[in-house]
Amino acid sequence: GHLTPSLLKVELEAFRKIRGYLPRVLTVHTDPQDEKQVGVELAEVAGALKADILLGAEGMRLEL
């Protein structure tokens, strides 16, 4: 299945428990019709975990 915001939260909590920190996260491949709701849910997860979670968008440029 797909990784939902709630499942991402579980995965990130496990990651932090193992590694002691949270990585920056960029989500991609979001269904356009669900993008707004997913963005809201990801913002809630980011706030709850005090994590840096970005919702990827077409044309977005990143510097690594």
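Throughout what follows, the structure given in this document is the object of discussion. (Residues numbered from 1 in each chain as written. Predicted model: local features only at pLDDT ≥ 70, side-chain atom pairs only at ≥ 80, totals over all residues. Heavy atoms only, no water.)

1. Quick look at the overall build of the chain
Phase 1 of the analysis: If you tally the helices and strands in the chain, you get two helices and two strands.
Phase 2 of the analysis: Taken from the N to the C terminus, the helices and strands of the chain come in the order α-β-α-β.
Phase 3 of the analysis: Its C-alpha atoms put the chain at 35 × 25 × 20 Å along the principal axes.
Phase 4 of the analysis: Relative to its full complement of 64 residues, the chain shows a buried share of 22%.
Phase 5 of the analysis: Sequence-distant contacts, at least 24 apart, represent 62% of the contacts inside the chain between residues at least 6 apart.
Phase 6 of the analysis: As displayed, the chain has an accessible area near 5300 Å², and 54% of this comes from carbon and sulfur atoms. (Helix = DSSP H or I, 4+ residues; strand = E, 2+ residues; numbered from the N terminus. Buried < 20%, exposed > 50% of the residue type's maximum accessible area, 1.4 Å probe, protein only. Contact = heavy atoms within 4.5 Å. Areas by Shrake-Rupley, 256 points an atom, 1.4 Å probe, with all protein chains shown as cover.)

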